[in-house]
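# Coordinate analysis (summary)
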Amino acid sequence: TVDITVNKTWVKRETTALPESVKAALFCTLNGQRTQLDEQTLSAANNWTYTWTERNVKNDNCQGGAYVVDETSVAPNFQKTKVSYTDANGYVIENTELTSQKVIKVWEGDTNQNRPGSITAELMCGDVVKKTEVLSEANNLDGDNTWEYEWTNLLVSDCEQGYSVDESINIPNYQKTVKVLEDGTVVITNEFDNPNTADKTAASFGRIAGISSIVLI
């Protein structure tokens, strides 16, 4: 007999809308082969659940085999993260929302000779570094003074508070500012603070003063 239930669960942010529907299917696994017996649509209208019984499975040729349930379509921007089974609840298929995090590195007041050849950007969840990426001139997508990178396919469940980005170190002779755009993009700006500017200015004034005193004498 067939009496198998599938339940669909979602791990997502509160503001994320669910898809209209997904597909789940009942399979028969027999002699190492898996054959689809039936497919059903799961949606809010049926509370994302369905139960197969003997009367609603056509062409059931699974004598001696095992019934298995899996989804046959995955909603955009979601990933199947767990399939479990218990006698009480049947199959539970969990989908977790995927997100992305973009970082833009902006250089100001410098030249390629001043700035380092690369920096390491850190994808953070609170104080924990989740991923790193080395940025360099190869990430200069627009031919200007910006380096860009985007982490994709990030599970929202891995960082419920939301991801952030920072640099691994403070770069000498640069002043750093960080801001977050409305779309969540993190912009890290490094403005060059030339350490020789003050010395050069003082030296110039000294030479000018010296010349003036000679003229006055």
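Read on for a plain summary of the structure. None of these values were measured; they are calculated from a predicted model.

## Observations regarding the sheet that holds strand β11 (residues 164-167)
In spatial order, the strands read β9-β8-β11; together these three strands make up an open sheet with antiparallel pairing. Only two strands of the sheet have a single partner each, and these edge strands are β9 (128-136) and β11. The sheet shows a mean angle of 30 degrees between the axes of neighbouring strands, direction not considered. As judged from the eight bridges shared by strand β8 (residues 118-125) and β9, these two strands associate in the antiparallel manner. Among the inter-strand pairings, Met124 is bridged to a residue of β9, identified as Val129.

## What to know about unusual backbone geometry
Even without being glycine, Asn31 reaches a positive phi, approximately 55 degrees. Topologically, Asn31 is positioned in the loop between β2 (21-30) and β3 (33-43). At Asn77, a position not held by glycine, the phi torsion is positive, near 65 degrees. With respect to the helices and strands, the residue Asn77 is situated in the loop between β5 (66-71) and β6 (78-86). A relative accessible area of 58% means that Asn77 is categorised as exposed.

## Some points on the state of the cysteines
Scanning all chains against the criterion turns up one disulfide. Disulfide pairing is shown between Cys125 and Cys159; the S-S distance is 2.2 Å. On the sign convention where negative is left-handed, the bridge of Cys125 and Cys159, at about 95 degrees about the S-S bond, is right-handed. With Cys125 in strand β8 and Cys159 in the loop between β10 (146-155) and β11, this residue pair connects regions lying 34 residues apart in the sequence. Since its relative accessible area comes to 4%, Cys159 is described here as buried.

About the thresholds
Residues numbered from 1 in each chain as written. Predicted model: local features only at pLDDT ≥ 70, side-chain atom pairs only at ≥ 80, totals over all residues. Heavy atoms only, no water. Pairing = 2+ DSSP bridges. Helix = DSSP H or I, 4+ residues; strand = E, 2+ residues; numbered from the N terminus. Axes fitted to C-alpha atoms, helices over the stretch in contact; angles between N-to-C directions. Buried < 20%, exposed > 50% of the residue type's maximum accessible area, 1.4 Å probe, protein only. Disulfide = S-S within 2.5 Å.

Purely geometric numbers; function is a separate question.
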